[in-house]
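Read off the chains here:
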Amino acid sequence: SIKDDLLFKDLQKMAAQENLYKGKKIDPDGRFLKLDNISWDDVILPEGITEVIKSNVETLFSLREKFKKFGLSVKRGIILHGPPGTGKTKICKCLAKDASYSVLYALPSDFDPNRGGIKRICNMAKDLAPCLLVIEDIDWIAQNRNSGNASFVMELMNQLDGIESFGDIITLGTTNCITELEEAVKNRPGRFDRIIKIDIPAKDLIEKMILRFTSNFIIDVSVDIKKLAFSLENLTGAHVNDLCTTAAMFAVRDDSLEGEKLLIKKIHFDEAIKEVKDKNYSSYME
């Protein structure tokens with residue numbers, strides 16, 4: 001409504017003048033992010049990947065004052081890509097939770113031209129700097145210009161160039177479909193110059209996930225964790241998490257207990273596999 005638009009413009013103006021949101025973690029509507037239940041313990045990745053991600057965000061920001069001493073400013077573009085459900089969103093939220101700097105967390109719907117479009121988001125990031133700008137499902141707004149989205153993509157590139165020259169902003173995008181992204185967005189320093197793949201977990205990581213996601217329960221001796229992990233090959237972390245939760249719910253249904261703790265048996269995992277295995281965990285579409 002017009003009234004709501006005027007109120008939002010007033011909030012934007014006030015935030016720019018008084019820096020009300022500087023150092024805070026918000027979405028483009030000024031709402032604070034809910035990150036209480038987010039933990040790096042739930043992000044199980046191949047060795048070294050977490051460190052690479054953190055070094056390209058947390059480490060850069062931590063060295064900000066030293067960079068300034070030598071005339072350098074923090075600026076980086078990172079894309080996390082991989083199949084739906086592999087943990088890209090969880091990684092972004094973990095980085096946001098740990099941040100000692102501003103975080104602006106945007107979805108494709110936030111870039112609607114009727115709401116100020118790309119320029120509004122990028123200006124907010126500049127007002128909040130030093131800032132981590134997260135753009136979820138960036139392929140929805142930066143599709144190949146041959147797809148009929150040319151003017152929007154050109155505007156995005158212009159605004160990203162403005163962010164690059166401004167400095168003190170790291171832009172972190174996620175995508176389930178890296179091939180849909182405009183080449184000029186993903187392959188130019190200052191826009192997105194770090195491309196990190198978050199892939200389907202290997203069997204050893206699936207084992208770790210099962211143990212992590214069932215850590216509050218007891219796994220019955222009837223469950224062979226290695227065999228279970230093997231049967232879940234090619235599934236994502238989201239599938240594994242859902243599987244463990246569903247198996248636990250079946251155990252609750254059956255009053256399966258050992259003392260005061262929930263006991264999850266092989267039959268519960270077998271039932272859960274039938275229910276979970278074919279789910280689609282696409283982020284924005286979901």
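Residues numbered from 1 in each chain as written. Predicted model: local features only at pLDDT ≥ 70, side-chain atom pairs only at ≥ 80, totals over all residues. Heavy atoms only, no water.

### Brief notes about the packing of helix H9 (residues 203-213) against helix H11 (residues 237-253)
Helix packing for two helices is described by the angle between their axes and how far apart those axes are.
Part 1: Look at H9 against H11: their axes get within 9 Å of each other, and the N-to-C directions meet at 40°. Viewed along their axes, H9 and H11 form a crossing whose handedness is right-handed. Residue-level contacts link Ile206, Met209, Ile210 and Phe213 of H9 to Gly237, Val240, Asn241 and Cys244 of H11.
Part 2: The residue makeup of the contact of H9 with H11, split by class, is six nonpolar, two polar and no charged. (Axes fitted to C-alpha atoms, helices over the stretch in contact; angles between N-to-C directions. Helix = DSSP H or I, 4+ residues; strand = E, 2+ residues; numbered from the N terminus. Left-handed = near helix turned anticlockwise from the far one by under 90°. Contact = heavy atoms within 4.5 Å. Nonpolar A, V, L, I, M, F, W, Y, C, P; charged D, E, K, R; others polar.)

### Re H11
Part 1: Across its 17 residues, H11 extends 24 Å between first and last C-alpha, which sits within 8% of the 24 Å expected from 1.5 Å per residue.
Part 2: Residues of H11 that are buried include every one of Gly237, His239, Val240, Asp242, Leu243, Cys244, Thr246, Ala247, Ala248, Phe250 and Ala251, and no others.
Part 3: Those residues of H11 that are buried are in contact with H9, strand E9 (261-264) and helix H12 (266-276).
Part 4: Positive backbone phi, approximately 55°, marks Asp255, located one or two places after H11. (Expected span 1.5 Å × (residues − 1). Buried < 20%, exposed > 50% of the residue type's maximum accessible area, 1.4 Å probe, protein only.)

### A look at the pattern of salt bridges
For side chains of opposite charge, pairing can occur when their charged atoms come near one another.
Part 1: This model, assessed by the stated rule, comprises 14 salt bridges.
Part 2: A salt bridge links Arg212 to Asp42; the nearest nitrogen and oxygen atoms lie 2.8 Å apart. Pair noted here: Arg212 is in helix H9 and Asp42 is in the loop between strand E1 (25-26) and helix H2 (49-55), with a separation of 170 residues, a long-range link.
Part 3: For Arg212, a relative accessible area of 30% corresponds to the partly exposed category.
Part 4: Of the charged contacts in the structure, one is a salt bridge between Lys197 and Asp199, with a shortest N-O distance of 3.5 Å.
Part 5: Its relative accessible area of 41% is what places Asp199 among the partly exposed residues. (Salt bridge = Lys/Arg side-chain N within 4 Å of Asp/Glu carboxyl O.)

### Brief notes about the packing of H11 against H12
Part 1: Here H11 crosses H12 at 130°, and the two axes come no closer than 8 Å. In terms of their interaxial angle, H11 and H12 are classed as oblique. Considering how the two elements wind past one another, H11 and H12 form a crossing that is right-handed. Of H12, the residues touching H11 (which contributes His239, Asp242, Leu243, Cys244, Thr246, Ala247, Phe250, Ala251 and Arg253) are His268, Phe269, Glu271, Ala272, Ile273, Glu275 and Val276.
Part 2: Residues that form the contact of H11 with H12 fall into these classes: nine nonpolar, three polar and four charged. (Parallel < 35°, antiparallel > 145°, perpendicular 65-115°, else oblique.)

### So, the pairing of strand E5 (residues 169-175)
Part 1: Of all the seven residues making up E5, seven are buried; the element is thus mostly covered by neighbouring parts of the structure.
Part 2: Residues Ile169, Thr171, Gly173 and Thr175 of E5 are buried on one face, and the alternating residues Ile170, Leu172 and Thr174, pointing to the opposite face, are buried as well.
Part 3: Across seven bridges, strand E2 (residues 75-81) lies against E5 in parallel orientation. Within E5, the residue paired with Lys75 across the bridge is Ile169.
Part 4: By the bridge criterion, five bridges tie strand E4 (residues 131-135) to E5 in an arrangement that is parallel. (Pairing = 2+ DSSP bridges.)

### Focus: the packing of aromatic side chains
Part 1: Following the criterion strictly, the structure yields two aromatic pairs and no others.
Part 2: Just above the ring of Trp40 sits the side chain of Lys54; from NZ or CZ to the centre is 4.6 Å. (Phe/Tyr/Trp six-rings, centres within 6.5 Å; stacked < 30°, edge-to-face > 60°. Lys NZ or Arg CZ within 6 Å of the ring centre and 35° of its normal.)

### Digging into the environment of Lys227
Part 1: Position of Lys227 relative to the elements: it lies in helix H10 (residues 225-231).
Part 2: Judged by its relative accessible area of 63%, Lys227 is exposed.
Part 3: Distance in space between the C-alpha atoms of Lys227 and Lys203 is 9.6 Å, their sequence separation being 24 residues.

### Some remarks on the pairing of E9
Part 1: Here two bridges tie strand E7 (residues 218-219) to E9, and the two strands are oriented parallel to one another. Among the inter-strand pairings, Ile219 is bridged to a residue of E9, identified as Ile264.
Part 2: Between strand E8 (residues 257-258) and E9, which follow one another and run antiparallel, lie two residues, and Gly259 among them has a positive phi close to 70°.

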